[in-house]
Amino acid sequence: MQLDGSKGAAGAASACVIGDPIAHSRSPIIHNYWLANLGLPGEYTRRRVLSAELDDFLNDVRSGALRGGNVTVPHKEAIARKVDRLTDTARRLGAVNTVWAEDGLVWGDNTDGTGFLANLDDRSPGWDAVSDMAVVLGAGGAARAIVFALLQRGFLDVVITNRSESRAGQLATELEDEGKSRLRVVDWDKRSEILAGAAFVVNTTSLGMTGQPPLPIELECLPAHAVVHDIVYAPLETTLLKAARDRGLKAVDGLGMLLHQAVPGFARWFGQKPQVTQELRQLIVDDMNRSKT
Ligand code: ATR
C-alpha cells in the first residue's frame, strides 16, 4: 500500500480515499478544506490501494486506525462484496464509495445519488417540479446511481439510452422496482428525438470530458422548461451545457455532484455536517486550472 501525502499520524482522526490510480483524486482538497474550516483535528489523505490490499484497508477501518474512507475506481464493486454491512442504496447499486465502522463492523454506502440530487437542488431549485420524464444518457456506474436517484425522487418515466443497448437494458432490469415499469430503454440513435417531452436530461457518459469528443446530440426537441445536466466537470462548461444555455435552457455542471457526494462521509468520520460553499467550489476550479484537467 502506497501512502501519498499522508503524515500517517497515529491516533489522529484520519480518513482517506483509495483507488488505483489515485493521484488525480480531489477528495483530499475537499475534506481537508472542511476540516480546516470547521477547526476539527484530523486529516484526509489518498492511498493507492491494489485489489490484493483491500482487506488491509478494511481492517484499518474495522480497528479504528482509520475512521473510514472513500472508494473509487476500480474498487467500488469489490468493496461492496467485502464490507460487513451495506446500506439499502449500496446493495441496490452493487457499488460502494463511502465506508466507516460501527460497533466493529464496516459499513458501505453509495452517496453518488445523494450528491447528484443535492447538487441539482442547490444549483437549480425546482429542477424536479415537472417529474414526469427524464432522459439519462449512458449506462455505466454513474448512470446506475443517477437512475436510482431519479426513481427515488419520484420521476415517472426514466428513459435510458446508451451506445451499447444491452448495457442499458441490464441496468433497467436490475433497477426496475416491482411492477412499476418506470424505466425505458431507447436506441442510442434516437437520443435527440426522445428529448421531446423530457423535463430533465443528464449526460453520464465520458463524452465531453477534456480529451474526449463532445457528446453528439441535438437539443431542438427539448421543451423550454427542461433542465440540462452534465456530470462531467472538466471542463465546467461542456459543449452540451453551452448548447443548452444558448437555447435559454437551465444548465447545471457536474462539479457540485463531486462536492455533495463527499458530505455524508465527512459527517460520519468527523462528526459534523459540512457545507458546500462557493469558496470550496473555487478551490477545485483553481486546482483544475493548475493541472489543466
Ligand atoms: P462510469 O462508471 O464513470 O459511468 P463507465 O462505466 O466506463 O464509467 O461508463 C461510461 C459511459 O460512457 C458508458 O455509458 C459508455 O457507453 P458504453 O456502455 O456503450 O461503453 C459511454 N461512452 C464512452 N465512450 C463513448 C462514446 N464514444 N460514445 C458513446 N458513449 C460512450
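Keep in mind that this is a model prediction, so the values were computed, not measured. (Residues numbered from 1 in each chain as written. Predicted model: local features only at pLDDT ≥ 70, side-chain atom pairs only at ≥ 80, totals over all residues. Heavy atoms only, no water.)

Student: How do you make sense of the overall build of the protein chain when you look at a structure like this?
Tutor: Counting its regular elements, the protein chain contains 11 helices and 13 strands. The C-alpha atoms of the protein chain give a radius of gyration of 19 Å, which matches the 19 Å a tight globule of 293 residues would have. If you line up the protein chain on its principal axes, its C-alpha atoms span 60 × 40 × 30 Å. Per-residue burial over the protein chain gives 52% buried out of 293 residues. Within the protein chain, counting contacts between residues at least 6 apart in sequence, those at least 24 apart form 68% of the total. (Helix = DSSP H or I, 4+ residues; strand = E, 2+ residues; numbered from the N terminus. Rg over C-alpha atoms; globule rule 2.2 N^0.38 Å. Buried < 20%, exposed > 50% of the residue type's maximum accessible area, 1.4 Å probe, protein only. Contact = heavy atoms within 4.5 Å.)

Student: What am I meant to see in the environment of Pro213 here?
Tutor: Considering the arrangement of structural elements, one finds Pro213 in the loop between strand E11 (200-203) and strand E12 (227-230). The class for Pro213 is partly exposed, based on a relative accessible area of 46%. It is 9.7 Å that separates the C-alpha atoms of Pro213 and Thr239, two residues lying 26 residues apart in sequence. Setting aside its immediate chain neighbours within four residues, Pro213 contacts Leu207 and Gly208.

Student: Just checking my understanding: could you explain the packing of aromatic side chains for this structure?
Tutor: Centre distance and the angle of the planes are the two values used to describe a pair of aromatic rings. Throughout the structure, instances matching the rule amount to 10 aromatic pairs. Consider the rings of Phe116 and Trp127, whose centres lie 6.2 Å apart with planes at 75 degrees: the pair is edge-to-face. With a gap of 11 residues between them, Phe116 in helix H5 (residues 112-123) and Trp127 in the loop between H5 and strand E8 (133-137) connect regions that are remote in the sequence. Like Trp127, Phe116 is buried. For the pair Trp127 and Phe200, a centre-to-centre distance of 5.0 Å together with 55 degrees between the ring planes defines the contact as tilted. Taken as a pair, Trp127 in the loop between H5 and E8 and Phe200 in strand E11 lie far apart in primary sequence, 73 residues in all. (Phe/Tyr/Trp six-rings, centres within 6.5 Å; stacked < 30°, edge-to-face > 60°.)

Student: Got a minute to help me understand unusual backbone geometry in this structure?
Tutor: Excluding glycine, residues mostly carry a negative phi; peptide bonds, for their part, are mostly trans. Residues Val73 and Pro74 are joined by a peptide bond in cis, for which omega reads 5 degrees. Mapping Pro74 onto the fold places it in the loop between strand E4 (68-71) and helix H3 (76-82). For the peptide bond that leads from Ala234 to Pro235, omega is 10 degrees, which places it in the cis range. By secondary structure assignment, the location of Pro235 is in the loop between E12 and helix H8 (239-246).

Student: What am I meant to see in the side chain of Arg182 here?
Tutor: Note on placement: Arg182 falls in the loop between helix H7 (165-175) and strand E10 (183-185). A polar atom in the side chain of Arg182 sits 3.2 Å from the backbone oxygen of Leu151. Apart from the residues lying within four places of it in its own chain, the contact partners of Arg182 are Leu151, Gly154, Phe155, Leu156, Asp157, Val158, Glu176 and Asp177. (Polar contact = N/O pair within 3.5 Å; in protein donor to acceptor, adjacent residues only side chain to side chain.)

Student: I tried to follow the side chain of Arg281 on my own but got confused; where do I start?
Tutor: Of note, Arg281 is situated in helix H11 (residues 278-291). Those residues in contact with Arg281, other than ones at most four positions away along the chain, are Arg123, Leu236, Asp253, Leu255, Gly256 and Leu259.

Student: Just checking my understanding: could you explain H7 for this structure?
Tutor: Helical geometry note: an α-helix holds 3.6 residues per turn, so side chains three or four residues apart project in the same direction. Considered for burial, the residues of H7 that qualify are Ala168, Leu171, Ala172 and Leu175. Seen along its axis, H7 keeps its buried residues to an arc of 95 degrees; they face one direction. Projecting away from the buried face of H7 at angles above 90 degrees are the exposed residues Ser166 and Thr173. The secondary structure elements touched by the buried residues of H7 are helix H4 (88-93), helix H6 (141-152), strand E9 (157-161) and E10. (Arc of directions from axis to C-beta.)

Student: Whenever I open this one, the site of the ligand confuses me. Can you help?
Tutor: Among the 13 residues in the neighbourhood of the ligand, the closest are listed as Ala139, Asn162, Arg163, Ser164 and Arg167. Here Gly141 contributes a backbone N or O atom positioned 3.1 Å from an oxygen atom of the ligand. One nitrogen or oxygen atom from the side chain of Asn162 is found 2.6 Å from an oxygen atom belonging to the ligand. Residues belonging to the shell around the ligand are distributed by class as follows: four nonpolar, seven polar and two charged. (Near = heavy atom within 4 Å. Nonpolar A, V, L, I, M, F, W, Y, C, P; charged D, E, K, R; others polar.)

Student: Can you help me understand the environment of His24 in this one?
Tutor: Topologically, His24 is positioned in the loop between strand E2 (14-19) and helix H1 (27-38). Residues His24 and Asp287, 263 residues apart in the sequence, show an inter-C-alpha distance of 11 Å.

Student: Sorry if this is basic, but what is going on with the packing of H1 against helix H10 (residues 263-270) here?
Tutor: Packed helix pairs are specified by the crossing angle of their axes together with the interaxial distance, meaning the distance between the axes. Contact geometry of H1 with H10 gives a least axis separation of 11 Å together with a crossing angle of 50 degrees. One element, H1, and the other, H10, form an angle in the oblique class. As H1 runs across H10, the sense of the crossing is right-handed. Facing His31, Trp34, Leu35 and Leu38 of H1, the residues of H10 in contact are Val263, Phe266, Trp269 and Phe270. A breakdown of the residues in the contact of H1 with H10 according to their chemical character gives seven nonpolar, one polar and no charged. (Axes fitted to C-alpha atoms, helices over the stretch in contact; angles between N-to-C directions. Parallel < 35°, antiparallel > 145°, perpendicular 65-115°, else oblique. Left-handed = near helix turned anticlockwise from the far one by under 90°.)

Student: What should I look at first to understand the confidence of the model for the protein chain in this one?
Tutor: When pLDDT is averaged across the protein chain, the result is 95; 95% of the residues are at 70 or more. Within the model, the stretch residues 1-10 combines pLDDT values under 50 with 18 contacts to residues more than four positions away or in other chains. (pLDDT = per-residue confidence, 0-100.)

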